[in-house]
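Coordinate inspection notes
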Amino acid sequence: MLRGGLLVVIATCVALTAAVETDSIKELLKKFDSRYSTNVFEDASLNATELITKYRYPVEVHTVTTEDGYILEMQRIPHGRDANNNPNQKRPVVFLMHGLLSSSADMVIMGPGSGLAYILAEEGFDVWMGNARGNTYSRKHVRLNPDALLSTAFWKFSWDEIGNIDLPTMIDHALKTSGQERLHYIGHSQGTTSFFVMTSLQPEYNKKIISMHALAPVAYMAHNRNPLLMFISPHANNIENIANLVGVGEFMTNNVIYSWAGQAMCRDEVVFQPICSNILFLIGGWNEQEHNATMLPAILGHTPAGSSLRQLAHYGQGIADKEFRRYDQGSRMSNYRTYGSFKPPHYDLSKITTPVFLHYSDSDPLAHVNDVDRLFRELGRPIGKFRVPLASFSHLDFLYGINAKELLFNRVINLIRAMDANAFDD
Ligand SMILES: *[C@@H]1O[C@H](CO)[C@@H](O)[C@H](O)[C@H]1NC(C)=O
Ligand SMILES: *[C@@H]1O[C@H](CO)[C@@H](O)[C@H](O)[C@H]1NC(C)=O
């Protein structure tokens, strides 16, 4: 009697366990294919390539060496996972370029369904992600050591070099490898600045770009409201001297401290979260409405990804000067030696004949509406200017925003499709 009862109990347990197991496997699979990260702490510790692999997307790693010796890493998602996943089909190429202190991880960190790179791959594009010299993936040089104690030689570059040298090198490689003649370009923040540098200094590159989509475009910074950059601005020409004295040319790499902060202070239940958010959002602006706090550890595992002090100083010069010029070398004579003029030359925006679309928002502290308007007026071939239909949308929301797909990416994709269809008409 007792024995029989026990058996029934055991049998029931086994049946229940089995039911629970199949349910949890189903649940797990559902989670895995959903829009969201399956584990934010794991995602914080994986690099871009590992992340893409984890979410079962195809990935290729490409490295190129620039004419001045920087070794840059790009990642490519050649096709989709669930849709548009025939590897033998030729697709239009979209090249993605990250912003200041960021990396290609920006394009995938929010997970499938939310990360721009995944969405584009599902929509039928061959997706290439660039990395600027000096960040996590491109902190290498044939000769110079980024960690040299007594020399900042590796770090003597601003976004002028990123636009003038890195972008053309990476774009040429993407075109050659994919067998395409032209591509679409999407840049965020400094990824737009560097595009304007490339196409104004080397106008022949306009021919290689079918369309350019500028998310949070930054060229003029006369109305900048970013506290950190405003603080730097008056000292922009001295920053480098100070840096040379102390032997640092790098600014805020994604070091142990930041990763530690991410793990220890940025969990949902921990009271420090507002503080921890501010470290990052001090630079990019803060918007509670579009910010997914659960994702912070993952974001902080990848950003800040490192950049040179000159990149910040160059923006600082633009704020002080209210113009869009090449890097001020600090003295009239060194400007003369570099540029043949005492003042650094303006970037000639009228030379940019790529069809350009600007996507901006009302409350972006780094890409103020008035500065965006001026940029639009001066570009050689501005086609469209689109305000994100959410007033609070901020600088980082262009990639991390909870509703970035609905508010922004869908429109960008429609524009790319339209431009691609007409690509050979002009
Ligand atoms: C925020 O991110 C977490 C983890 O990826 C996800 O589960 C959650 O649904 C997201 N919240 C929103 C509002 O998108
Ligand atoms: C990313 O991870 C892969 C696999 O573990 C590794 O081979 C590669 O070197 C890593 N890349 C970087 C830039 O750390």
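Residues numbered from 1 in each chain as written. Chains lettered and ligands numbered in written order. Predicted model: local features only at pLDDT ≥ 70, side-chain atom pairs only at ≥ 80, totals over all residues. Heavy atoms only, no water.

Scanning the protein from terminus to terminus reveals 16 helices and 10 strands. Counting only residues that meet the buried cut, the protein has 54% of its 426 residues in that class. Counting only contacts in the protein whose residues sit at least 6 apart along the sequence, the fraction spanning at least 24 positions is 75%. Summed over its atoms, the accessible surface of the protein is roughly 18,500 Å², and 58% of this surface lies on carbon and sulfur atoms. (Helix = DSSP H or I, 4+ residues; strand = E, 2+ residues; numbered from the N terminus. Buried < 20%, exposed > 50% of the residue type's maximum accessible area, 1.4 Å probe, protein only. Contact = heavy atoms within 4.5 Å. Areas by Shrake-Rupley, 256 points an atom, 1.4 Å probe, with all protein chains shown as cover.)

The full set of residues close to ligand 1 is Tyr36, Ser37, Asn292, Met295 and Ile402. Between ligand 1 and Tyr36, the relevant distance is 3.4 Å, taken from an oxygen atom to a side-chain nitrogen or oxygen of the residue. Here an oxygen atom of ligand 1 sits 2.3 Å away from a polar atom, N or O, in the side chain of Asn292. When ligand 1 sits alone it has 360 Å² of accessible area, and the protein chains cover 64% of it. In the shell around ligand 1, the residues fall into three nonpolar, two polar and no charged. (Near = heavy atom within 4 Å. Polar contact = N/O pair within 3.5 Å; in protein donor to acceptor, adjacent residues only side chain to side chain. Nonpolar A, V, L, I, M, F, W, Y, C, P; charged D, E, K, R; others polar.)

Here eight strands make up an open sheet; going across it, the order is E1-E2-E4-E3-E5-E6-E9-E10 and the pairing mixed. With partners counted over all chains shown, the strands left at the sheet margins are strand E1 (60–65) and strand E10 (382–387), one partner each. On average, adjacent strands in this sheet sit at an angle of 20° to one another, irrespective of strand direction. Sheet topology note: the strand E9 (residues 356–360)/E10 ladder contains five bridges and is parallel. In the strand pairing of E10, Phe357 is matched with Gly384. (Pairing = 2+ DSSP bridges. Axes fitted to C-alpha atoms, helices over the stretch in contact; angles between N-to-C directions.)

This paragraph deals with a nonpolar patch on the surface. Residues Met333, Tyr336 and Phe342 make up a contiguous nonpolar surface patch of about 310 Å² in total accessible area. By the element assignment, Met333 lies in helix H13 (residues 332–339). With a relative accessible area of 47%, Met333 lands in the partly exposed category. (Patch = residues over 30% accessible without salt bridge, like charges linked within 9 Å, V, L, I, M, F, W, Y side chains within 5 Å. Salt bridge = Lys/Arg side-chain N within 4 Å of Asp/Glu carboxyl O.)

Below, the discussion takes up the pattern of salt bridges. In total, this model carries 17 salt bridges according to the counting rule given. In this structure, Arg76 and Asp126 form a salt bridge, with 2.7 Å as the shortest nitrogen-oxygen distance. On the criterion of sequence distance, the pair formed by Arg76 in strand E2 (residues 71–77) and Asp126 in strand E4 (residues 126–129) is long-range, its members being 50 residues apart. Take Arg76 and Asp126: they sit in the same class, and that class is buried. A salt bridge links Arg374 to Glu378; the nearest nitrogen and oxygen atoms lie 3.0 Å apart. Here Glu378 and Arg374 lie together in helix H14 (residues 369–378), a separation of four residues that amounts to about one turn. In this structure, a network of salt bridges that share partners links the residues Glu42, Asp43 and Lys54.

Every residue lining ligand 2 is accounted for by Asn47, Glu50, Glu73 and Tyr137. One nitrogen or oxygen atom from the side chain of Asn47 is found 2.4 Å from an oxygen atom belonging to ligand 2. The side chain of Glu50 places a nitrogen or oxygen atom 2.7 Å from an oxygen atom of ligand 2. Bound to the protein, ligand 2 loses 42% of the 360 Å² it would expose on its own. When the residues that make up the shell around ligand 2 are grouped by side-chain class, the tally is one nonpolar, one polar and two charged.

Per the UniProt record, the feature "active site" (unreviewed entry) sits at Ser189, Asp364 and His395. Judged by maximum C-alpha separation, these annotated positions cover 207 residues in sequence but sit close together in space, the widest gap being only 10.6 Å. Residue placement: Ser189 occurs in the loop between strand E5 (183–188) and helix H6 (190–201). Assessed through its relative accessible area of 9%, Ser189 is described here as buried. Apart from the residues lying within four places of it in its own chain, the contact partners of Ser189 are Gly99, Leu215, Ala216, Val218, Tyr315 and His395. Tracing the chain through its elements places Asp364 in the loop between E9 and H14. With residues near it in sequence (within four places) discarded, Asp364 still touches Ala216, Phe393, His395 and Phe398. (UniProt positions renumbered as here; feature names shortened; annotations may be inferred.)

Two measures define how a pair of helices packs: the angle their axes make with one another and the distance between the axes. Between helix H5 (residues 159–178) and H6, whose axes approach to 8 Å, the crossing angle comes to 80°. Considering the angle they form, H5 stands roughly perpendicular to H6. Every residue of H6 that contacts H5 at Trp159, Asp160, Ile162, Gly163, Asn164, Leu167, Pro168 and Ile171 is listed here: Gln190, Thr193, Ser194, Phe195, Val197, Met198 and Leu201. (Parallel < 35°, antiparallel > 145°, perpendicular 65-115°, else oblique.)

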